[in-house]
Amino acid sequence: MFHNSSRGLFTLLLMLLEWTRPGLPSPLRPICDLRVLKHFIEEARDAQAAMLTCKEGCGLPEPVTVPQTKVDFSVWERKNALEQAHEVQSGLWLLNQAIGSLRASVTNTALHSHIDNSLINIFRIGKVLRSLNIQECTPPAGEVSRGEETWRVSSASELLQVHVNFLRGKLQLLLSNAPVCH
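- For the protein, an unreviewed UniProt entry supplies the name Erythropoietin and the organism Salvelinus namaycush.
- The UniProt entry for the protein carries this comment under Subcellular location (unreviewed entry): "Secreted".
- Turning to the protein, the UniProt record has this under Sequence similarities (unreviewed entry): "Belongs to the EPO/TPO family."

Printed below as a string of structure tokens:
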């Protein structure tokens, strides 16, 4: 019995060494299945629903800047893929900043897991975008906080509604039209 478990341990060790072996990293395979996005949207809706039931310790200390979620399809379609990707990446960056501020201000511990999950999902969405050869971009400090592409919200429920709408709108448009998926 000990012999079999040591052989399994040895196999596991070899697999780990293979994964951590220095060399060329294997490229990510494109994640083109929109069910992945639907999962993120459902979890964002869950966070929003949890926030709506919160009565105390669940507010924003000050208004935060969020991406505009309204899409003018004629304007969107005139943008090239790089411009669309930059707009989505900037929006995700803003949402990450805003939800991070929310996490720091929320004292209701029941909401922490929902907020943490939203932050983790934004990180995961970045991985999905990288799998589609859409590079991450961090907008310059002043560039994203002003202009037509942003607005300010003052409540946590508004913030999480923006999060859901952004995923359902601009992110879904970008992912559904990703060149590597066609």
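What follows continues from the structure just given.
### Considering the overall build of the protein
And step 1. Looking only at helices and strands, the protein has six helices and two strands in total.
And step 2. Helices and strands appear in the protein in the N-to-C order α-α-β-α-α-α-β-α.
And step 3. Out of the 182 residues in the protein, the part that is buried amounts to 36%.
And step 4. Contacts in the protein between residues far apart in sequence, at least 24 positions, make up 87% of those at least 6 positions apart.
And step 5. Only carbon and sulfur atoms are counted for the fraction: they give 58% of the accessible area of the protein, which is about 11,300 Å².

### Observations concerning the confidence of the model for the protein
And step 1. Averaged over all residues, the pLDDT of the protein equals 83, while 79% of them reach at least 70.
And step 2. Looking across the protein, the model is least confident in helix α1 (residues 2–20), with a mean pLDDT of 51, and most confident in strand β1 (residues 64–67), with 96.

### Observations regarding the packing of helix α4 (residues 81–105) against helix α5 (residues 109–131)
And step 1. The geometry of α4 relative to α5 is characterised by a closest axis approach of 10 Å and an angle of 160° between their N-to-C directions. The pairing of α4 with α5 is recorded here as roughly antiparallel in orientation. In this structure, α4 meets α5 at a crossing whose hand is left-handed. In this structure, α4 uses V88, Q89, L92, L95, N96, I99, G100, L102 and R103 to contact α5, whose residues at the interface are H112, I115, D116, S118, L119, I122, I125 and L129.

### Some remarks on the nonpolar core
And step 1. The biggest cluster of nonpolar side chains holds 44 residues, and the ones touching the most others in it are L102 and L129.
And step 2. For this core, the elements supplying multiple residues, two or more each, are α2 (34–53), β1, α4, α5 and α6 (156–176).

### Quick notes on unusual backbone geometry
And step 1. Of note, N133 is a non-glycine position whose phi angle comes to about 65°, a positive value.
And step 2. Inspection of the secondary structure puts N133 in the loop between α5 and β2 (150–153).

### A short note on the environment of C181
And step 1. Among the secondary structure elements, C181 is positioned in the segment after α6.
And step 2. A relative accessible area of 25% means that C181 is categorised as partly exposed.
And step 3. Sequence separation between C181 and L132 is 49 residues; the distance between their C-alpha atoms is 7.8 Å.
And step 4. The contact partners of C181, leaving out residues within four places of it in the chain, are C32 and L132.

### Considerations on α5
And step 1. With 23 residues, α5 extends 34 Å between its outermost C-alpha atoms, agreeing within 8% with the 33 Å of an ideal straight helix rising 1.5 Å per residue.
And step 2. Every buried residue of α5 is accounted for by L111, H112, I115, S118, L119, N121, I122, I125, G126, V128, L129 and S131.
And step 3. Each element contacted by the buried residues of α5 is listed here: α2, α4 and α6.
And step 4. Of the residues that open α5, the one with a side-chain oxygen 2.9 Å from the backbone nitrogen of A110 is N108.
And step 5. One or two steps after α5, the chain reaches N133, where phi turns positive at roughly 65°.

### Re the pattern of salt bridges
Pairing between side chains becomes possible if they bear opposite charge and their charged atoms approach one another.
And step 1. Scanning all chains against the criterion turns up six salt bridges.
And step 2. With its nearest N and O atoms 2.6 Å apart, the salt bridge here joins R103 to D116. Taken together, the residues R103 in helix α4 and D116 in helix α5 connect sequence positions 13 residues apart.
And step 3. Among the residues examined, R103 registers a relative accessible area of 26% and is labelled partly exposed.
And step 4. When salt bridges with common partners are traced through the structure, they connect K79, E87, E149 and K170 into a single cluster.

Parameters and conventions
Residues numbered from 1 in each chain as written. Predicted model: local features only at pLDDT ≥ 70, side-chain atom pairs only at ≥ 80, totals over all residues. Heavy atoms only, no water. UniProt positions renumbered as here; feature names shortened; annotations may be inferred. Helix = DSSP H or I, 4+ residues; strand = E, 2+ residues; numbered from the N terminus. Buried < 20%, exposed > 50% of the residue type's maximum accessible area, 1.4 Å probe, protein only. Contact = heavy atoms within 4.5 Å. Areas by Shrake-Rupley, 256 points an atom, 1.4 Å probe, with all protein chains shown as cover. pLDDT = per-residue confidence, 0-100. Axes fitted to C-alpha atoms, helices over the stretch in contact; angles between N-to-C directions. Parallel < 35°, antiparallel > 145°, perpendicular 65-115°, else oblique. Left-handed = near helix turned anticlockwise from the far one by under 90°. Core = buried A, V, L, I, M, F, W, Y, C linked by side-chain atoms within 4.5 Å. Expected span 1.5 Å × (residues − 1). Polar contact = N/O pair within 3.5 Å; in protein donor to acceptor, adjacent residues only side chain to side chain. Salt bridge = Lys/Arg side-chain N within 4 Å of Asp/Glu carboxyl O.

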